[in-house]
Amino acid sequence: MIRQANHKAFANGIPALFAFLAPLTLVVASIGALWSMAAPTLGETSSVGSALSSLFSDVYVMRAVRFTLMQAALSAILSALLAIPLARALATRNFPGKAAILSLFGAPFILPVIVAILGLLAIWGKNGPMHTLATGIGISGFSIYGLPGILLAHVFFNLPLATRILLQGWLAIPAEQWRLAAQLGMSSKAIARHIEWPMLKERLPGVLAIIFLLCATSFTVVLALGGGPKATTIELAIYQAIRYDFDLERAALLACLQIILCAGLAVISRLITQDHDTGESLGGAIHRSDRTSRASRWVDWSVIILALAFLAMPLMAAFLRGVNGLIMNPFDAAALLPAALRSIAVAMGACLVMGLISLPLAQLSIHLKGKTRRLVELPGFAIMVAPPIALGAGLFILLHQHIPIDRLALPLTSLLNGLQAVPFALILLTPAMGQIKRDYGKQIQQLGMNSKTAIRLVHWPLMRKPIGLSLGITAALSIGDLGVIALFGSPTAPTLPLYLYQQMGAYHMDQAYGSGLILTLVAFAFFLIFDKGLAGRDKN
Amino acid sequence: MIRIDHLFIALDDWQMTVSLTVKAGSFCALIGPSGAGKSTILNAIAGFLPHGSGQIFIDGQDMAPLAPADRPVSMLFQDHNLFNHMTVAQNVALGINPTLKLNKQQWQKVHDALDQVELSGMAERLPRALSGGQRQRASLARAILRERPVLLLDEPFAALGPALRKDMLKLVSTLAEKNGQTIIMVTHHPEDARLAADQTALVQDGAIAQVGPSETFFANPTEALKAYMG
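This is a predicted model, so every value here is computed, not measured.

A.B. asks: Quick question: what am I supposed to make of the overall build of chain B here?
C.D. replies: Helices and strands together make up the secondary structure of chain B, namely 8 helices and 10 strands. Its C-alpha atoms give chain B principal-axis dimensions of roughly 55 × 40 × 35 Å. For chain B, the residues scored as buried account for 56% of the 230 residues in total. Carbon and sulfur atoms make up 50% of the accessible area of chain B, which totals about 9,800 Å². One finds the centroid of the 20 positive side-chain charges in chain B at a distance of 7 Å from the centroid of its 22 negative side-chain charges.

A.B. asks: Could you clarify how one ought to interpret the UniProt feature "domain: ABC transporter" (unreviewed entry) in chain B in this entry?
C.D. replies: UniProt records the feature "domain: ABC transporter" (unreviewed entry) at residues 2-230 of chain B, using the numbering of this structure. The straight-line gap between the two end C-alpha atoms of residues 2-230 of chain B is 31 Å; of that span, 35% is helix and 24% is strand.

A.B. asks: I'm lost on the confidence of the model for chain A in this one. Help?
C.D. replies: Low-pLDDT portions of the prediction should not be read for the details of their coordinates. Looking at chain A as a whole, its pLDDT mean stands at 86, while 92% of the residues score no less than 70. For the stretch residues 1-11 of chain A, pLDDT sits under 50, and the model shows 35 contacts to residues farther than four places along the chain or on other chains.

A.B. asks: In this structure, what is going on with the UniProt feature "domain: ABC transmembrane type-1" (unreviewed entry) in chain A? I would like to understand it.
C.D. replies: All names here are of chain A. The UniProt entry lists residues 65-269 and 340-530 under the feature "domain: ABC transmembrane type-1" (unreviewed entry), expressed in the numbering used here. Helix makes up 79% of residues 65-269 and strand makes up 0%, while its end C-alpha atoms are separated by 19 Å. A helix fraction of 84% and a strand fraction of 0% characterise residues 340-530, whose end C-alpha atoms lie 18 Å from each other.

A.B. asks: How should the pairing of strand β1 (residues 2-11) of chain B be read in this particular structure?
C.D. replies: Sheet faces and side chains relate simply in a regular strand, where the side chains alternate between the two faces. Residues and elements named next belong to chain B. Relative to strand β2 (residues 14-22), β1 runs antiparallel, the two sharing 8 bridges. Looking at β2, one finds that I2 is bridged to V22. The hairpin formed by β1 and β2 contains 2 residues between the paired strands, and D12 there has a positive phi angle of roughly 50 degrees. With 3 bridges joining them, β1 and strand β4 (residues 56-58) adopt antiparallel strand pairing. Of the residues in β4, the one forming a bridge with I2 is I58.

A.B. asks: Could you clarify how one ought to interpret the pattern of salt bridges in this entry?
C.D. replies: Pairing of side chains with opposite charge becomes possible as their charged atoms draw close. Residues and elements named next belong to chain B. Under the definition given, this model contains 8 salt bridges over all chains. Across the pair R3 and D5 runs a salt bridge whose closest N-O atoms are separated by 3.7 Å. With relative accessibility at 28%, the residue D5 sits in the partly exposed group. Measuring nitrogen to oxygen at the nearest pair gives 3.1 Å for the salt bridge that ties R165 to D192. Separated by 27 residues along the polypeptide, R165 in helix α5 (residues 162-179) and D192 in helix α6 (residues 190-196) bring together distant segments of the chain. Both residues of the pair, R165 and D192, count as buried. Connected via shared salt-bridge partners are R165, E191 and D192.

The rules behind the values
- Residues numbered from 1 in each chain as written.
- Chains lettered and ligands numbered in written order.
- Predicted model: local features only at pLDDT ≥ 70, side-chain atom pairs only at ≥ 80, totals over all residues.
- Heavy atoms only, no water.
- Helix = DSSP H or I, 4+ residues; strand = E, 2+ residues; numbered from the N terminus.
- Buried < 20%, exposed > 50% of the residue type's maximum accessible area, 1.4 Å probe, protein only.
- Areas by Shrake-Rupley, 256 points an atom, 1.4 Å probe, with all protein chains shown as cover.
- Lys, Arg positive; Asp, Glu negative; His and termini not counted.
- Charge placed at Lys NZ, Arg CZ, Asp CG, Glu CD.
- UniProt positions renumbered as here; feature names shortened; annotations may be inferred.
- pLDDT = per-residue confidence, 0-100.
- Contact = heavy atoms within 4.5 Å.
- Pairing = 2+ DSSP bridges.
- Salt bridge = Lys/Arg side-chain N within 4 Å of Asp/Glu carboxyl O.

Following this line, the structure appears as structure tokens:
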């Protein structure tokens, strides 16, 4: 038997091995450090039962666990419930600008979280219009801090995601089914039962799972809007244990819990989430005969307008107050410029980490078949299981005795942000590489292109688009990061989000809005530089 | 001459054993139902499937140790023969040098090849600006430049209309005759075999059920061929 000429462009063994082992080693080392720190606090006895009982009797820990699960569950349910009528309305109605609005639904993904929170504060906060409205109609005591604010922010971030997934579901229902329903004279109720519910039943578990997972590890929202003893998540509690109390045992214990929780959630979500077409076909509208009445039109339009107001008002408020803040206050270049440069440096590092790990992994996965192929999912899974603050806590414990941590703040932030972007990048890169192999693999072999030539002539021109998008997302996420940097960063050398957070803490809100605008501009600029600049002129 | 000697291929739970001889400079058509293994034979000759030594010979040379690019073979597929992000000229030029570093004379050869397939004005276009027939003619131009003694056609004209398909077959036959190439073509259309092939083979269930000169092949059908032709 001859060896089949295997064409490997990006991965020639060593990069692939590195990409496979580096995330796993990091996560395993971090978990090891956490466990060796946490284990002694679980009592001298080695029995698991007594360890667990001592854990469950820790009020502080248990309160954080309970709150994490509760807010994540409520966030997931609220987002999904609100997404159902919104997706249905968007699927049924067509209007100019719909495509633009739907692509705007992807914006919360790259918008710095802390800026969105500033926007929500401007609308729902103490002097905001919604707060005034609520007081006006006799509802007093609404506060954006604590559980309501956390839910508000989580719905703000996840409603667009849930809506997009469900909208794809509605549009994926074959046109014949709607025609059949019209022919049979089915009522809205019958359509809901026979056509829409089967689709929802398939997609809702996945929607709930992913939002639950995102919210269970959400950090910045809880940092900014929660934080009291009643509204602390595990992720935030780890941060507080390290930064405020320097109680590393407690931090390690919490981080272990967080990792166990995430592992469970990731396995569950992998099991119940079905792979759907990731095609971005969100255009067009379905034709259904049951929702032509004036009343149903009114309902749909109200839903769409209310949702748009809910999503757009905070963004507009953040923008306007940002402009105002920049005009009214002297531009503090001495603080803003170094902070912005630090953020950009962190983002470039994160892009490097993401690229070094994602590209070889994507390449590896398309060359493997059957069971070994699932092995390649392992590094991505390890990253999902260890959220940044928990992973960071492990690295903190490993490193803090050997080196002053704030000297490593920026590289560590790069590393952890880059790792966080790997699962997203793999979703973009793996199918693109697979397609190149399917379409052109034989041509490349037949023509006798070597790796270098194949990369120059085939892989690079065809991959630059998904690579550009992955880098853009990585850069935007990492420029806006206020998780890892809060854990490791030094107050005297902040990144842009950390500087903004310091301004908020000092109640310099006008300046904070101004910094928020700059932060958003930097994040979007780098997203566009990579996404549009690198992707180049579209030849296809 | 192409000599396939008990070529054995096993893929998952499917397997085939095939022997076939095609004279140098002749045109052989493979017909048969989908999944019978027609394309598998071509993929094996081109080197895209692993096979043992002593099974495939071209002009007496054992193919087993040769990588696809080193075999005396050019293969045309149904689609994706052209890279969509490269111009027609670049795509054809890959046949001369896969790194696309060509000198002036070599570029002239590219344009000559495009002339031969009547695509003179299309050199700077992207493949998507061409019709299906034009795209396959461009692929043919590349095959001409590669100057390999064997041309394998894996239904490259299947998506074209009947008249266009006939024209393409004629073009391929003429060019092959001029360059002394041997052709093996997979097709779903028995009339293509009648029209262009010197020799026809019916592939069924991973084996050759009937083979012979095209005239006698269709004149004296076995039971298998009758069942296939309907």
